[in-house]
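# What the coordinates show
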Number of protein chains: 6
Amino acid sequence: MSQTTRVLWVNPVGYPDYDAPMGGLMAGVKAADTEIDVVSLSTAPLPNHLEYRTYEALIVADMVRLARMADAEAYDAMVIGCFYDPGLEDAREISGRTVVVAPCQASVQIAANLANRFSIIIGQEKWAVQMRERVEAYGYAHNLASMRAIGIGVPDLQKDCELTTARILEAGRIAIEEDKAEALILGCTCSFGMNEIVQRELGVPVIDPILAAFTMAEYLGSLRRRFDWSPSRRWSCAPPPEAELQAFGIFSAPPPIGNRVRY
Amino acid sequence: MSQTTRVLWVNPVGYPDYDAPMGGLMAGVKAADTEIDVVSLSTAPLPNHLEYRTYEALIVADMVRLARMADAEAYDAMVIGCFYDPGLEDAREISGRTVVVAPCQASVQIAANLANRFSIIIGQEKWAVQMRERVEAYGYAHNLASMRAIGIGVPDLQKDCELTTARILEAGRIAIEEDKAEALILGCTCSFGMNEIVQRELGVPVIDPILAAFTMAEYLGSLRRRFDWSPSRRWSCAPPPEAELQAFGIFSAPPPIGNRVRY
Amino acid sequence: MSQTTRVLWVNPVGYPDYDAPMGGLMAGVKAADTEIDVVSLSTAPLPNHLEYRTYEALIVADMVRLARMADAEAYDAMVIGCFYDPGLEDAREISGRTVVVAPCQASVQIAANLANRFSIIIGQEKWAVQMRERVEAYGYAHNLASMRAIGIGVPDLQKDCELTTARILEAGRIAIEEDKAEALILGCTCSFGMNEIVQRELGVPVIDPILAAFTMAEYLGSLRRRFDWSPSRRWSCAPPPEAELQAFGIFSAPPPIGNRVRY
Amino acid sequence: MSQTTRVLWVNPVGYPDYDAPMGGLMAGVKAADTEIDVVSLSTAPLPNHLEYRTYEALIVADMVRLARMADAEAYDAMVIGCFYDPGLEDAREISGRTVVVAPCQASVQIAANLANRFSIIIGQEKWAVQMRERVEAYGYAHNLASMRAIGIGVPDLQKDCELTTARILEAGRIAIEEDKAEALILGCTCSFGMNEIVQRELGVPVIDPILAAFTMAEYLGSLRRRFDWSPSRRWSCAPPPEAELQAFGIFSAPPPIGNRVRY
Amino acid sequence: MSQTTRVLWVNPVGYPDYDAPMGGLMAGVKAADTEIDVVSLSTAPLPNHLEYRTYEALIVADMVRLARMADAEAYDAMVIGCFYDPGLEDAREISGRTVVVAPCQASVQIAANLANRFSIIIGQEKWAVQMRERVEAYGYAHNLASMRAIGIGVPDLQKDCELTTARILEAGRIAIEEDKAEALILGCTCSFGMNEIVQRELGVPVIDPILAAFTMAEYLGSLRRRFDWSPSRRWSCAPPPEAELQAFGIFSAPPPIGNRVRY
Amino acid sequence: MSQTTRVLWVNPVGYPDYDAPMGGLMAGVKAADTEIDVVSLSTAPLPNHLEYRTYEALIVADMVRLARMADAEAYDAMVIGCFYDPGLEDAREISGRTVVVAPCQASVQIAANLANRFSIIIGQEKWAVQMRERVEAYGYAHNLASMRAIGIGVPDLQKDCELTTARILEAGRIAIEEDKAEALILGCTCSFGMNEIVQRELGVPVIDPILAAFTMAEYLGSLRRRFDWSPSRRWSCAPPPEAELQAFGIFSAPPPIGNRVRY
C-alpha cells in the first residue's frame, strides 16, 4: 500500500492567482508524506469569486468533472475550495474511491470538538442564508451562535489585510460578547492568513477554512488508505452506470483545469 | 398591462422527445390567455434523464442561463421541469422579475391543501434521499407519509405505460394502506398521463407534477402581472451586479436552447 | 364540466361592514369566469374581530357549518377570511369536494416562491405566538425572519389608513433592515388596500392576505374542476358518517349566514 | 385561604351517561379536601363522542364558556375531558385564575417521568394524525414510540369491556415488542376502568387519561391555592377586555350545562 | 396500602447548610400525610455548588447510589435538588419503583400549563447552554422565550437576598418586556424564598424550582402509591441484573449521606 | 514545537484485559510520531462494561479526573473509549488545552463524509435510545438510517468472534437492504477486529469506533499542535476557577489509573 496521501485541492474559479499562496500555506502544514495538487479552472467565462449562486451554478459541472478525474488519477481526497461547499453532494456521487471534502463541513466538524457554540464570520450579509442552510444540512444548527458580516466582498478580502483583520476582530468580538460564541470560523477560503492573529487577540479558537478542509482531506484520505474507508456507493450514493456515462459521452472531454501545481 | 401570462417550461435535458407530449398536455389545460414556450437544451454532452446528481450538475448552469433569458424576454414564470427541482435556488437568484417554479415544491404545496399526509411515488430507491431533502427544505417533512419506489428508471417510464401504471397502483396502494398516505404525488415529470387512472382507482388525490408545476407557474405568473409580486432582490435574493456580469462575460453566449416550441 | 370557478369567501364575524369593500377588491382581480360569494355570520352574540382565541372559539362551529354548505352548494373553494386561519382543519374535514383555503397558509406558500425569508407585520404583539404556531404548522418556520407588531388593533386598522400605512412602513423597514426579511406579509385581512404602497416604498414583495387567499382559492378551485383534485377523504381526512350526522341532527339548522353578496 | 381544591370536570358532549361512572372513578381517588363537579353539555344538537374534528368544532365555544364560568365560580382547575384536548388553548385564554388541564397533555407529562418512550393506544386509525400533532405541540414527539389502533370507536369502548381490554392488550403488546414502547397511554377518556389489568398483564406503566388529567388538575389546582401559580395573562395569554366582552354580550347567556353532579 | 407519601430530597453537594432552610420551606407546604427526608452528601472532596460540569461529574455516582437506596427504603419519590438535573437519567435507571424527579423538568412541565412562553432566570451566563439543552431534551424548547443571567454565582445567591431579588426583578422585567416571556422560572434551587415577591411585582407566574420539584415528587409519588405508576423497566429503562451488581459489588458500600433530617 | 502527537486512550472500566489488544490495534495504525498511552481505571468497585447508565455514572468523575491529568501531562488529545461517549461534555470542560474525543462523535463525523445515511450496529436493544440521543445531540439524526441490535452483550462480544461477526453481518445486511443504510458503524469499542471482514462482505464502509476515535484524536491533537486549536474556555466552556478547585481539594488525589501502557 502506498504511504503517500494524495490530496487534490480545487479552487473553483477561473482565476489562478490564489493557487500559489494557498498551496504554499498548505505545503507549510502538510505531513511529510502528503502530496498536494492545487488546481483552478479553465472553463470560460468564469468569475473570480463565488459570492452568488449564479456563479456557483457555473462551476458545479466542473466539480463533477474533477471528482471523476480525482478517482481516475487515484487521489485519496479532493477538496472543493469554497466555503459554500458548492457541488459537494454532486461531486461525492461520482468521485469513485476518492473522498470529497469541503471547507464549511470540515470547519464545523472540527469546531464542534472545541466549543459548544461558534459563530461564522462572513464577508457580506448576502451569504448568511445560504451558509446557514449548509450548517443546518450538516447538523450543526444548534451549535451556530450567529453569522456576523464584515462588509467586505471576496475579491477585496486580501486587498488590505489589515483592514480585513480589523473587521474580523470587530465582528468576532461582537459574536463572542453579544452572541455568546465560544469559537469562530472564518467563512471564506479567501480570508487565509488571518486566523492566528484573531485567535491570539480574541482568546478563542479561530478556524481557518483552508487549514480545516486541507487537513481534514489529508486525514480522511489517510483513513481511506489505511482502512479502505472510501465513499459508499449504495442507494443515494450510487453513481451513474459506466455504460450510460460512455453512451452519453459525459466525461469525454479533458478535465477543465487551467492551472495545476504540485506541493 | 398585458393580459397574457407567459410561461417558459424547461425540460432540463438535451433530449427534445418529451417536449411535444408535455407541451400538448399543458396546452390542453392552460387558460385561454396563457402562452407556453417549451424548450429543451442544446448543451452537449447531456443525458436524457437526471436520475443522478452527476447529471443534474451538468445542467445547473443552463438553468441559470435560462432564468436570465426568461427575465430578458419578460416571461412571467419559468418552470424547471424535473422533480428534483435542480438549480431552483440558483435560477431564482438571477431570474430578475420572473418567478421560478419547480415540480416538487409546487406539488407539495398543492397536496398540503388537500391532505394532511401524502406519499411520493418514485421510480427508483436511489431518488429517495435527495427528494426527501427537497421536501424537508420546503417545510413538508411532517406531511410526508413515505417514498415508495416502483423500480422503473426515468427512460423507461413511458415505454410500457400499462406496466408503469400497474406499478404505480401497486406502490400507491401500499403507501395508502401501510403508510397511511391520504394523497399521492407522482415523483417524476416523466410519469405524465397516468395520474387520472391512479386517482380513479385509488380514491385519493393524485398529483401529477407537470400539471402541478405548470398551473402553479401560470398562477404565480398571473400574480406577478396583477400585483407585481415578483421575486425579492434583497439580502440572500440579491443577484450579481450587472457590471460584474458583463465584466466576466457571464451571459455573453446565447441561451443553451436546443428545441423551442410555443403552445 | 362547468367553466365557472365558484369561490365562497367567509368573513368569520357577525359584522357585515367589510363584506362590500373586500368583495369589491376581489371582484377587481378575479378571472372572468370566477364567481365570488361573500358572506358574514348571523350567529349572535359575535365580536367584530377575532384578535382573541376566545372569539375564534365562538365561530369555529360556523366554519364547519359553512364548509358543509359549501360542498352542498358545489363551491369549488371556500376561504376562511381571517389570518389566524380559524377552524381550517375542522372545516377541511367536512367540506366534501370543496377545497378550503385560508389567508396565512396561502400567504406563506406564495411568499416562499418569492423570497427565502419573510416577516409578518401584525397588529398587536398578542397575535405573535399563535400566528407563529400557524406558520410552523404549515412548515415555514425556517422562512420566518420575524413578526413585527404595529400596535393597532383589528377594529382600528381601517380607521385611519394613513396612520396604519405609516406604521406598516415603519415596522416593515425594521423587519427588512434588522431582521433581514426579504419579503413582507400583512398579517390581517383587515389591512387591505395598503400592500401596493408599502411594496412600492420598501422595494420588496408585500403579500396582502386577501389577495393571496382569494387567488389561491380561485387557483385550487380551478384545479379541482380541471383535474378533480378535491380534498382527500382517507384516514385523518375522513368525515363523520352521513347516517351519524343525521342521527345527531348536526346540520339540521340552516347555515349561519347574516349577509351574502355575489360578485 | 380555603383548604379545599375545587375541580371542574367537563365531559364535552351532550350526553350525560358517562358523568356518573367517571365521577365515581375520580371520587375514589381524590384527596379528602378535593371537591369535584362533573358536568356535561346542554347545547343541541351535539354528538355523544368527538372522534371527528367536525364534532369538536361544535363544542369549542362551550369550552370557552365553561372556562369563563370556572373562573367566575372560583374553581382551582378545570378539565376538558377528551383526549384530543379540544379547545384547550382557547379555554386557557379566558379562564382567569383557573388552571385548565386536558388529558393528552397531562398523560404525556406524567409518562415522561416514568419512561423514555411510550405508545398511545387509540381507538381508530383516524385519530392518529391529530393526536400526534397534539403530542408534538406539547413537546413529546421524541418520546412517542407509536400510535396503535384497536379498531373500536368511542361509543363502543365501554360496550364490551372484555373485548376492548383484549384489543388493548394485543395492541399494547405490539407497541412494546415491535415499537419498543416502555409505557402505554390509553388515548381516550372512554377507556376508563381498563388500565389496571393492562398494566398488570404487560408489566409496564399504563396511564389512564381520566386519572392523569384529574390528578393533574387536583395537583395544579393545589399549586394555585398554595403559591398563586395561576395562568399568566401577559402577551399571548391576555384575554379580551371585559368592556369589550360586555359590549358584544359574549357571555350574557348562562353556561351550557346539561348535567352537573358534585363528588 | 400506606397513606403516607415519602419523598427523599437530595442536596447533591457535600454541604449541609441549605438542608434546614430547604427542608423548612418544604415542610411548610407539604400535605399532611407526606414525609420528607432531606439529605446532603458525605463524599469528599465535594464543592458546595454545581455551577460547573466538572463538579456535577463528581456527584453523579452518588445520585445513582441514592436512587438505589431510595428504592431499598421504599421512598415513593426522590428529588435531585439542582436545576441542572444532574444524573437524572442515570438515577432513573436504578431507582426501582421510586420515581425520580428533578427541578428543571418539574418547573417546565408546570410552567407550560400556565403560559405559552417562559424565561429562565439564571445566575451566570455560563449556565445557559447546558440548561437550554435540558429544556430541549424535555421538549420545551419552543416554550423558552429566553435565559437571562443576573451575574451572581450560586454561593452568593443567599448572601444578600435583597440584591439577588433586585437583580431577578431586573432580569425578569427584561425577559417579559423584551423577550415576551409570559412566566418566569428561577433557574437555581438556591434562589429559594424570592419567588413570591417577584411574582407580586411582575404580575406573571414565577416558578420556584424547589416548590416545583418537591410538589411534583409528592404528586408523582402519590400516583405511584395509588395507581402503581412506577418507573418502567423495559428496554432503555432496564437496570443492570441484580447478580451482576452483586458480582461487581457496585452497591456494597453504604449510601454517601452526610446529613439526613426528616420533615 | 514538539513534533510528537500524544494521545491518551482511556478504557473507562476497572478491567485492564482489553488495554493490550486495543493498544496493539492502535499502535499498528498510528503515525510514526504519535505516542499512545492506554489506561484503565483503578477505582473500585467498577464493572467490566458500561451497558447501563448506572455503570457509566460510576466512571464519569474519573473521566473528569483523567481529563485534568491529560492537561497537566500535556497530552494533545484524550479519548473516552466507550461508544456511549460517557462524560464527554464534563471532561471537555476541565481538559485545559487537551482535546477530548469520543468514539460515537468521531464515528458519525467520519461516516457523514462517506455516506448520506448510516446505521449503527449495537449489541443489545437496551442501548438504542441512549445512543440515538447521542447521535441527535451531535446533529446526525437525519443521517441515521437505523439502530440494529445483534443480541450480544459487551462482555461476550470478543468471546466467540465468529459468532459476533456473523451476527453483525446479518444485522448489517438488514440495515442495508431494509433500512437503506449506505454505511455501517459498529456501536461498541469491544467489537474491534471485525470491521474489515464486514466491510468486505457487505460492500459498504464499516466504521470501527476505536479506529475512528483514535485517528480523530491523533488528527485533532495534531491540529492543536500545529494551529493551537485547543478547546475554547469561554461561556459554557469555562472551567471552575483554579482557586476554587484547590479550596475544595477537588483534584488532590492521584488520578484513578489502574493500568497504563505506552504504545
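Residues numbered from 1 in each chain as written. Chains lettered and ligands numbered in written order. Predicted model: local features only at pLDDT ≥ 70, side-chain atom pairs only at ≥ 80, totals over all residues. Heavy atoms only, no water.

Right, let's talk about the overall build of chain A for a bit. Looking only at helices and strands, chain A features nine helices and nine strands. A principal-axis box enclosing the C-alpha atoms of chain A has dimensions of 55 × 40 × 35 Å. Within the span of chain A, comprising 263 residues, buried residues form 66% of the whole. Long-range pairs, those at least 24 residues apart, make up 74% of the contacts in chain A with a sequence separation of at least 6. Carbon and sulfur atoms provide 50% of the accessible area of chain A, an area that totals close to 8,100 Å². Where the 24 positive side-chain charges of chain A centre and where its 33 negative ones centre are 4 Å apart. (Helix = DSSP H or I, 4+ residues; strand = E, 2+ residues; numbered from the N terminus. Buried < 20%, exposed > 50% of the residue type's maximum accessible area, 1.4 Å probe, protein only. Contact = heavy atoms within 4.5 Å. Areas by Shrake-Rupley, 256 points an atom, 1.4 Å probe, with all protein chains shown as cover. Lys, Arg positive; Asp, Glu negative; His and termini not counted. Charge placed at Lys NZ, Arg CZ, Asp CG, Glu CD.)

The subject of this paragraph is the sheet that holds strand S5 (residues 118–122) of chain F. Residues and elements named next belong to chain F. In space, the four strands of this open sheet follow the order S6-S5-S7-S8, with parallel pairing throughout. Both outer strands of the open sheet, strand S6 (144–149) and strand S8 (206–207), are each paired with one neighbouring strand and no more. Sheet topology places S5 next to strand S7 (residues 183–186); four bridges connect them, and they run parallel. Among the inter-strand pairings, Phe118 is bridged to a residue of S7, identified as Ala183. (Pairing = 2+ DSSP bridges.)

No part of chain B reaches chain E; the closest C-alpha pair between them is 17 Å apart. Between chain C and chain F there is no contact, and the shortest C-alpha to C-alpha separation is 17 Å.

Glancing now at the packing of helix H6 (residues 161–177) of chain B against helix H7 (residues 195–202) of chain B. Any two packed helices are characterised by how steeply their axes cross, that is the angle between the axes, and by the distance between the axes. Residues and elements named next belong to chain B. Contact pair H6 / H7: the axes reach a minimum separation of 10 Å and the direction vectors enclose 40 degrees. With respect to H7, the element H6 is oriented oblique. In this structure, the crossing between H6 and H7 has a hand that is right-handed. Contact residues: H6 offers Thr165, Ile168, Leu169, Gly172, Arg173 and Ile176, while H7 offers Ile197, Val198, Glu201 and Leu202. Here the residues of the contact of H6 with H7 are counted per class, giving six nonpolar, two polar and two charged. (Axes fitted to C-alpha atoms, helices over the stretch in contact; angles between N-to-C directions. Parallel < 35°, antiparallel > 145°, perpendicular 65-115°, else oblique. Left-handed = near helix turned anticlockwise from the far one by under 90°. Nonpolar A, V, L, I, M, F, W, Y, C, P; charged D, E, K, R; others polar.)

Another point: the interface of chain A and chain F. Each partner contributes to the interface: chain A provides 48 residues, whereas chain F provides 48 residues. Contact between chain A and chain F buries roughly 4,100 Å² in total, counting both sides, with carbon and sulfur atoms accounting for 53%. Across the pair Arg234(A) and Glu177(F) runs a salt bridge, and its minimum N-O distance is 3.4 Å. Here the residues of the side of chain A that touches chain F are counted per class, giving 27 nonpolar, twelve polar and nine charged. (Buried area = accessible area lost by both parts, 1.4 Å probe. Salt bridge = Lys/Arg side-chain N within 4 Å of Asp/Glu carboxyl O.)

For these two chain copies, the linking operation is a rotation about an axis paired with a shift along it. Mapping chain A onto chain F calls for a rotation angle of 180 degrees and an axial translation of 0.0 Å; the resulting RMSD is 0.0 Å. Expressed as an axis order, the relation between the two copies is that of a two-fold axis. Every residue of chain A has its C-alpha some distance from the rotation axis, and the shortest such distance is that of Gly139(A), at 2.0 Å. A shared binding surface is used by both copies, with 100% of the interface residues of chain A retained as interface residues in chain F. (Least-squares fit on C-alpha atoms with pLDDT ≥ 70 in both.)

With that out of the way, let us pick up the pattern of salt bridges. Pairing of side chains with opposite charge becomes possible as their charged atoms draw close. All names here are of chain D. Following the criterion strictly, the structure yields 108 salt bridges over all chains and no others. For Glu133, the salt bridge identified is with Arg53, shortest N-O distance 3.5 Å. Separated by 80 residues along the polypeptide, Glu133 in helix H5 (residues 128–137) and Arg53 in helix H2 (residues 53–72) bring together distant segments of the chain. Judged by relative accessible area, Arg53 falls into the buried class, the value being 14%.

Turning to helix H5 (residues 128–137) of chain A, a few remarks are in order. Residues and elements named next belong to chain A. Where H5 is concerned, the buried positions are Ala128, Val129, Gln130, Met131, Arg134 and Val135. Contacts from the buried residues of H5 go to helix H2 (53–72), helix H3 (88–94), helix H4 (103–111), strand S5 (118–122) and strand S6 (144–149). Looking one or two residues beyond H5, the residue adopting positive phi is Gly139, at roughly 95 degrees.

This part covers the interface of chain D and chain E. Opposite the 48 residues of chain D that make contact, chain E presents 48 residues. Regarding the contact of chain D and chain E, the summed buried area is about 4,000 Å², with carbon and sulfur atoms giving 53% of it. If you sort the residues of chain D by the area they bury against chain E, Asn113(D), Trp229(D) and Trp235(D) come out on top, with a joint share of 19%. The tally of links between chain D and chain E comes to four salt bridges. Taken together, chain D and chain E are joined by 37 residue pairs in polar contact (both at pLDDT 80 or more). Mapped by element, the contributors of at least two residues to the side of chain D that touches chain E are strand S4 (99–101), helix H4 (103–111), helix H6 (161–177), helix H7 (195–202), strand S8 (206–207) and helix H8 (209–227) of chain D. Ranked by residues supplied to the side of chain D that touches chain E, first place goes to H8(D) with ten residues. Among the residues making up the side of chain D that touches chain E, the classes are represented as 27 nonpolar, twelve polar and nine charged. (Polar contact = N/O pair within 3.5 Å; in protein donor to acceptor, adjacent residues only side chain to side chain.)

Moving on: helix H6 (residues 161–177) of chain C. All names here are of chain C. Along its 17 residues, H6 runs 24 Å from first to last C-alpha, staying within 8% of the 24 Å computed at 1.5 Å per residue. Residues Thr164, Thr165, Ile168, Leu169, Ala171, Gly172, Ala175 and Ile176 constitute the buried set of H6. At its buried positions, H6 is contacted by strand S5 (118–122), strand S6 (144–149), strand S7 (183–186) and helix H7 (195–202). (Expected span 1.5 Å × (residues − 1).)

All right, on to the packing of aromatic side chains then. Tallying each qualifying case throughout the model produces 42 aromatic pairs over all chains. Note on Tyr219(B) and Tyr219(C): the rings are 4.6 Å apart at their centroids and 5 degrees apart in plane angle, and the pair reads as stacked. With one member in each of two chains, Tyr219(B) in helix H8 (residues 209–227) and Tyr219(C) in helix H8 (residues 209–227) form a pair that bridges those chains. For the pair Tyr219(B) and Tyr219(C), a shared accessibility class is recorded, and that class is buried. Both rings, one in Tyr18(D) and one in Phe192(D), keep their centres 5.8 Å apart while their planes meet at 85 degrees; by these two values the pair is edge-to-face. Residue Tyr18(D) is located in the loop between strand S1 (5–11) and helix H1 (19–27), and its partner Phe192(D) is located in the loop between strand S7 (183–186) and H7; the two are separated by 174 residues in the primary sequence. For Phe192(D), a relative accessible area of 10% translates into the label buried. An aromatic cluster is defined as three or more aromatic residues linked by ring pairs; in this entry it consists of Tyr15(A), Tyr18(A) and Phe192(A). Stacked on the ring of Tyr75(A), the Lys or Arg Arg6(A) has its end atom at 4.3 Å from the ring centre. (Phe/Tyr/Trp six-rings, centres within 6.5 Å; stacked < 30°, edge-to-face > 60°. Lys NZ or Arg CZ within 6 Å of the ring centre and 35° of its normal.)

What follows concerns the environment of Ser236(B). Looking at where Ser236(B) falls in the secondary structure, it is placed in the loop between H8 and helix H9 (242–248). The exposure class assigned to Ser236(B) is buried, which follows from its relative accessible area of 10%. Considering only alpha carbons, one finds Ser236(B) and Glu93(B), 143 residues apart in sequence, at a separation of 8.2 Å. Not counting chain neighbours up to four residues away, the residues in contact with Ser236(B) comprise Lys126(A), Val129(A), Glu93(B), Asn116(C) and Glu182(C). A distance of 2.8 Å separates polar atoms of two side chains, one belonging to Ser236(B) and the other to Asn116(C).

This next bit is on the relation of the copies chain D and chain E. Overlay of chain D on chain E (RMSD 0.0 Å): rotation 180 degrees, translation along the axis 0.0 Å. When you check the interface residues of chain D against chain E, 100% turn up at the interface there too, and the contact is symmetric in its surfaces.

Turning our attention to the sheet that holds strand S7 (residues 183–186) of chain A. An order of S6-S5-S7-S8 (chain A) is seen for the four strands of this open sheet, with the pairing classed as parallel. Each edge of the open sheet carries a strand with a single partner, namely S6 and strand S8 (206–207) of chain A.

Turning to the side chain of Thr189(F), a few remarks are in order. Residues and elements named next belong to chain F. Relative to the helices and strands, Thr189 resides in the loop between S7 and helix H7 (195–202). Thr189 gets classed as buried once you look at its relative accessible area, which sits at 4%. From its side chain, Thr189 meets the backbone oxygen of Gly81 in a polar contact 3.1 Å long. Setting aside anything within four residues of it in sequence, one finds Thr189 in contact with Met22, Gly81, Cys82, Phe83, Pro103, Pro209 and Ile210.

Residues and elements named next belong to chain A. Of note, the amide linkage connecting Ala44 to Pro45 takes the cis form, showing an omega dihedral of -5 degrees. Here Pro45 shows up in the loop between strand S2 (34–41) and H2. In the Ramachandran plot, Asp85 falls in the positive-phi region, its phi being about 55 degrees despite a non-glycine side chain. Mapped onto the elements of the fold, Asp85 is located in the loop between strand S3 (77–80) and H3.

For the rest of this paragraph, the subject is the domain arrangement of chain A. All names here are of chain A. Segmenting chain A into domains produces domain 1 (5–102 + 211–262) and domain 2 (104–208). Of note, the centres of domain 1 and domain 2, computed from C-alpha atoms alone, are 23 Å apart. Facing the 25 residues of domain 1 at the interface are 29 residues of domain 2. Contact with domain 2 buries area across many residues of domain 1, yet Glu51, Phe83 and Tyr84 alone supply 36% of it, more than any other trio. Inspection of the region where domain 1 meets domain 2 yields two salt bridges. Salt-bridge contacts for Arg134 lead to Glu89; the nearest nitrogen and oxygen are separated by 2.8 Å. (Domains from an automatic or database assignment.)

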